[in-house]
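If you want the building blocks of each chain, they are given just below.
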Amino acid sequence: MTEINFYQIDDVMAKSIAPLLLKVLEEKKKALVFCADNSRLKEIDDALWTYGKHKFIPHATFGDKIVQEFGWDRQPVFLVSEEKNVNEADYLILTCDAS
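Residues numbered from 1 in each chain as written. Predicted model: local features only at pLDDT ≥ 70, side-chain atom pairs only at ≥ 80, totals over all residues. Heavy atoms only, no water.

## A look at the nonpolar core
Nonpolar side chains tend toward joint burial in soluble globular proteins. The biggest cluster of nonpolar side chains holds 17 residues, and the ones touching the most others in it are Leu-21, Val-33, Leu-48, Ile-57, Val-77 and Leu-79. Of all elements in the fold, only helix H1 (13-26), strand S1 (31-34), helix H2 (38-49) and strand S3 (77-80) reach the threshold of two or more residues within this core. If one sorts the elements of this core by residue count, H1 sits on top with seven residues. Discounting residues that sit within four places of it in the chain, Leu-21 has contacts with Ala-31, Val-33, Leu-48, Ile-57, Val-77 and Ile-93. Core analysis: the next-biggest nonpolar cluster, separate from the first, contains eight residues, Leu-32, Ala-60, Val-80 and Val-86 among them. (Core = buried A, V, L, I, M, F, W, Y, C linked by side-chain atoms within 4.5 Å. Buried < 20%, exposed > 50% of the residue type's maximum accessible area, 1.4 Å probe, protein only. Helix = DSSP H or I, 4+ residues; strand = E, 2+ residues; numbered from the N terminus. Contact = heavy atoms within 4.5 Å.)

Rendered as structure tokens:
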């Protein structure tokens, strides 16, 4: 059965996504973070690189050239602005503003 969870984030989104991604990684699963706004996607990318001293969140974007060498499907966390599940993710995190 498909499980769907909703989280409302009132704080800085980039910092709030990190704990969710850590849970996904602990489960040895993959996540796809979708954001149609490229500037917000960049903000999330930057925040994940600097999140915590002792917690690393491996992730990639389409702009990472080295990822093309290793394959999209090997990325545990992938940040995208296109509707494609390139890393065969188990979890989808939508980062859309409420209307």
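The discussion continues.
## Comments concerning the packing of aromatic side chains
Inspection of the entire model under this criterion finds two aromatic pairs. Residues Trp-49 and Phe-56 carry aromatic rings whose centres are separated by 5.7 Å and whose planes lie at 40° to one another, so their mutual orientation is tilted. Using a relative accessible area of 48% as the deciding quantity, one classes Trp-49 as partly exposed. (Phe/Tyr/Trp six-rings, centres within 6.5 Å; stacked < 30°, edge-to-face > 60°.)

## Some details on the pattern of salt bridges
Tallying each qualifying case throughout the model produces two salt bridges. Across the pair Lys-42 and Asp-46 runs a salt bridge, and its minimum N-O distance is 2.8 Å. In this pair, Lys-42 and Asp-46 are both assigned in helix H2, four residues apart and thus about one turn of the helix distant. Looking at Lys-42, the relative accessible area reads 47%, which means it is partly exposed. (Salt bridge = Lys/Arg side-chain N within 4 Å of Asp/Glu carboxyl O.)

## Describing the sheet that holds S3
The strand order across the open sheet built from four strands is S2-S3-S1-S4, with neighbouring strands paired in parallel fashion. Both edges of this open sheet fall to strand S2 (60-61) and strand S4 (91-94), since each of them pairs with a single strand only. Taken together, the two bridges between S2 and S3 define a ladder with parallel strand orientation. Across the sheet, Ala-60 pairs through a bridge with Phe-78, a residue of S3. The sheet contacts of H2 involve S1, S2 and S3, and relative to S3 the element is tilted by about 155°. (Pairing = 2+ DSSP bridges. Axes fitted to C-alpha atoms, helices over the stretch in contact; angles between N-to-C directions.)

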